[in-house]
Amino acid sequence: MEAIANIPEKGSKKRMVIIGGGFAGLQMAKKIDTEYFQIVLIDKVNYYQFQPLMYQVATGGLEPSSIAYPLRKTFQKRKDFHFRTCLAKRVLPEEKRLETSIGSLEYDYLVIATGCDTNYFGNDRLKESTYALKSISESLLARNRILLSFEKAISVRSDEEFEALMTFVVVGGGATGVELAGALADMKKTVLPKDYPELNFNRMQIHLVDASTRLLSGMSEESSEKAAETLKKRGVIIHQDIFVKNYEKPFVELSFGEKIRSHNVFWVGGIKANSLPGMSDESYNRGRIVVDEYNAVNGYDGIYAIGDTCLLISDHSPKGHPQVAQVALQMAKNLAQNLNREVRGNSVKEKFVYKDKGSLATIGRNAAVADIWKLHFGGVVAWWLWLWVHILSIVGMKNKVFVFVDWIWSYITYDASLRLLIRPTMDAIYNSEDSQTD
């Protein structure tokens, strides 16, 4: 018999278990009324991670602590709130029980906000040989890879090895891919030549490989064209309507047969929803949990899904919603309001309707693109708008200040000072040659 998780008794309140402390889960936990609910939030890490700025950690622009915030600190003043660091293993809907790595947990309401992970499209070997940017730990690993390449390039003797170390391949033409490629281009121009004067950065190559027909496919065509034009001017080599077929170090094989020699491959080319075992196959569509217009999981009492992990098909969203932060935040707010009303005896519920507030993507210093309602623009104005929106979105006033100071300092000095190569003594993703440098 499985052990029972050590959670205080709920008393007369309803127990709500929220799986995931990302955009959706954090917003849900903030908005639900603890006068009527006991909240149990679980996550595999004990901090919130601001994913849109992971690439800045990877390129040395921000400290990891600037885009993370302890979940326990967020809810220090909330009564009847409980957080546990653990993994959700399986839901047993008939028993209204969740199995976790610390024991089973009974619930009255279960909110699944497990988000997404990197999608390797069935090629699991890529997971072991490329670098993702879905977590702070992955971003630090990517930063180490970037810096290690330059440290090693100084000492290599063969042209082939130098080429592999000085070539960077970004797979995926969405916002993260465009932003990472742009950040690397900025580093190549303003930062790296000062750190490594012995290296010829004219030989550094940045490739952006995108399987779709245009970059930033979720944004307007004007923004896509502007992003591609800006990246090309900054020296980024764009491979459009092409996918990565295989990666056998040091060669990245593209779908039309070309091979790129590189030790630095960053996989940001797709996402897949994190599922939760225990529900029927009919509860899933394209890997996402199917919900109705109130975010209730079809066929189950008291189970809801919000954010990237769910799929809501309606007249307003015939293909479902984009897997972006604004959708997650709005879903959480709407669901919390509905459940707060329900527990107070008000049966009136509001259907979820997504309100698109626009999209932004940065391409590097003084360059970004913006789609705000029917306006499509780029350049410096879009870049400053991107900066302010992201600063305001970061959790914690101290983090907002630190990010603002880091960005202003980098802007004035043309330098980011967080280029620290901090590696574990051994990690499987480093090859034997890298390990010998420890």
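Residues numbered from 1 in each chain as written. Predicted model: local features only at pLDDT ≥ 70, side-chain atom pairs only at ≥ 80, totals over all residues. Heavy atoms only, no water.

Got a sec to walk through the side chain of S317? Specific residues and values, please.
Relative to the helices and strands, S317 is located in the loop between β22 (310-312) and α9 (325-343). The exposure class assigned to S317 is buried, which follows from its relative accessible area of 4%. A distance of 3.1 Å separates the side chain of S317 from the side chain of S314, its partner in a polar contact. (Helix = DSSP H or I, 4+ residues; strand = E, 2+ residues; numbered from the N terminus. Buried < 20%, exposed > 50% of the residue type's maximum accessible area, 1.4 Å probe, protein only. Polar contact = N/O pair within 3.5 Å; in protein donor to acceptor, adjacent residues only side chain to side chain.)

Which residues make up the nonpolar core, and what are the values?
Core analysis: the biggest nonpolar cluster contains 118 residues, and M16, M28, L110 and F150 have the highest contact counts within it. With 8 residues, helix α7 (residues 175-195) is the largest single contributor of residues to this core. Excluding residues that lie within four positions of it along the chain, M16 makes contacts with M28, I32, F37, Q38, I39, V40, Y109, V111 and L339. Core analysis: the second largest hydrophobic core is formed by 14 residues, Y120, V169, V265 and W267 among them. (Core = buried A, V, L, I, M, F, W, Y, C linked by side-chain atoms within 4.5 Å. Contact = heavy atoms within 4.5 Å.)

Describe the packing of aromatic side chains, with residues and values.
Under the defined criterion, the tally for this structure stands at 14 aromatic pairs. For the ring pair Y109 and Y304, a centre distance of 6.5 Å and an interplane angle of 25° mean the geometry is stacked. Highlighted residues: Y109 in strand β9 (residues 109-112) and Y304 in strand β21 (residues 303-305), separated in sequence by 195 residues. With a centroid separation of 5.9 Å and 45° between ring planes, the pair formed by Y131 and F266 is classed as tilted. On the criterion of sequence distance, the pair formed by Y131 in the loop between α4 (125-129) and α5 (136-153) and F266 in strand β17 (residues 264-267) is long-range, its members being 135 residues apart. Residue classification places Y131 among the buried positions, given a relative accessible area of 2%. Judged by relative accessible area, F266 falls into the buried class, the value being 1%. (Phe/Tyr/Trp six-rings, centres within 6.5 Å; stacked < 30°, edge-to-face > 60°.)

Got a sec to walk through helix α11 (residues 397-413)? Specific residues and values, please.
Helical periodicity: at 3.6 residues per turn, an α-helix aligns residues three or four positions apart in one direction. Helix length check: α11 (17 residues) gives 24 Å between terminal C-alpha atoms against 24 Å at 1.5 Å per residue, within 8%. Within the span of α11, buried status applies to N399, K400, V403, W407 and S410. Buried positions in α11, seen along its axis, are confined to an arc of 105° and lie on one side of it. Turned more than 90 degrees away from the buried face of α11 sit M397, K398, W409 and I412, all of them exposed. (Expected span 1.5 Å × (residues − 1). Arc of directions from axis to C-beta.)

How would you explain the pattern of salt bridges if you had to name every residue and give the values?
Taken as a whole and assessed by the stated rule, the structure comprises 12 salt bridges. Residue D301 pairs with K96 through a salt bridge whose shortest N-O separation is 3.2 Å. In this pair, D301 sits in the loop between β20 (288-291) and β21 while K96 sits in the loop between β6 (88-92) and β7 (97-100), placing the two residues 205 residues apart along the sequence. For K96, a relative accessible area of 22% corresponds to the partly exposed category. Where K351 meets E293, a salt bridge forms, and the shortest distance between an N and an O atom there is 3.4 Å. Taken together, the positions of K351 in the loop between α9 and β23 (359-364) and E293 in the loop between β20 and β21 put the pair 58 residues apart, joining distant regions of the chain. (Salt bridge = Lys/Arg side-chain N within 4 Å of Asp/Glu carboxyl O.)

Describe the sheet that holds strand β11 (residues 167-171), listing the residues and the values that go with them.
An order of β13-β12-β11-β17 is seen for the 4 strands of this open sheet, with the pairing classed as parallel. Every other strand in the sheet has two partners, leaving β13 (236-240) and β17 as the edge strands with one partner each. Adjacent strand axes in the sheet meet at a mean angle of 15° when their direction is disregarded. Two strands pair when backbone bridges link them, and β11 and β17 are joined in this way by 4 bridges, in the parallel orientation. Of the residues in β17, the one forming a bridge with V171 is W267. This element, α5, spans β11 and β17 of the sheet and lies at about 160° to β17. On top of the sheet, helix α8 (residues 221-233) reaches β12 (205-210) and β13; it is set at about 140° to β13, its chief contact. (Pairing = 2+ DSSP bridges. Axes fitted to C-alpha atoms, helices over the stretch in contact; angles between N-to-C directions.)

Summarise the side chain of S135; cite the residues concerned and give the values.
Secondary-structure assignment places S135 in the loop between α4 and α5. Looking at S135, its side chain comes within polar contact range of the side chain of S137, at 3.0 Å. A distance of 3.2 Å separates a polar side-chain atom of S135 from the backbone nitrogen of E138. Setting aside residues no more than four positions away along its own chain, S135 makes contact with Q49 and M54.

Outline unusual backbone geometry, supporting the account with residue identities and numerical values.
The peptide bond linking K249 to P250 adopts the cis configuration, its omega dihedral lying at 5°. If you trace the backbone, P250 turns up in the loop between β14 (244-248) and β15 (251-254).

Explain α9 to me, using residue names and the numbers behind them.
Along its 19 residues, α9 runs 27 Å from first to last C-alpha, staying within 8% of the 27 Å computed at 1.5 Å per residue. V327, A328, Q330, M331, A332, N334, L335, A336, N338, L339, N340 and R341 are the residues of α9 that are buried. Here the buried face of α9 lies against β1 (14-19), α1 (23-31), β2 (37-43), β9, β21 and β22.

Give a description of the sheet that holds β14 that names residues and reports values.
Note on sheets: strands pair through backbone hydrogen bonds, and any given pair is parallel or antiparallel. Reading across from one edge, β14-β15-β16 is the order of the 3 strands in this open sheet, with antiparallel pairing throughout. Strand pairing shows two members of the sheet lacking a second neighbour, β14 and β16 (259-261), which therefore form its edges. In this sheet, neighbouring strand axes are inclined to one another by 20° on average, regardless of whether the strands run parallel or antiparallel. Pairing geometry for β15 and β16, over 3 bridges, is antiparallel. Within β16, the position partnered with F251 by the bridge is R261.

Any details on a nonpolar patch on the surface? Residues and values, ideally.
Taken together, the side chains of W388, M397, V401, F402, F404 and V405 make up a nonpolar region of the molecular surface, amounting to roughly 590 Å² of accessible area. With 5 residues, α11 is the single largest residue contributor to the nonpolar patch. With respect to the secondary-structure elements, M397 resides in helix α11. (Patch = residues over 30% accessible without salt bridge, like charges linked within 9 Å, V, L, I, M, F, W, Y side chains within 5 Å. Areas by Shrake-Rupley, 256 points an atom, 1.4 Å probe, with all protein chains shown as cover.)

Could you give an account of the packing of helix α10 (residues 380-393) against α11, with specific residues and numbers?
The angle between the axes and the distance between the axes are what describe a pair of packed helices. Axis separation between α10 and α11 bottoms out at 8 Å; the angle between their running directions is 155°. Taken as axis vectors, α10 and α11 run roughly antiparallel relative to one another. Read as a crossing pair, α10 and α11 show a hand that is right-handed. Contacts from W383, W384, W386, L387, W388, H390, I391, L392 and S393 of α10 reach α11 at K400, V403, F404, W407, I408 and Y411. Residues belonging to the contact of α10 with α11 are distributed by class as follows: 12 nonpolar, 2 polar and 1 charged. (Parallel < 35°, antiparallel > 145°, perpendicular 65-115°, else oblique. Left-handed = near helix turned anticlockwise from the far one by under 90°. Nonpolar A, V, L, I, M, F, W, Y, C, P; charged D, E, K, R; others polar.)

Geometric descriptors of this kind do not, in isolation, establish any biological role.
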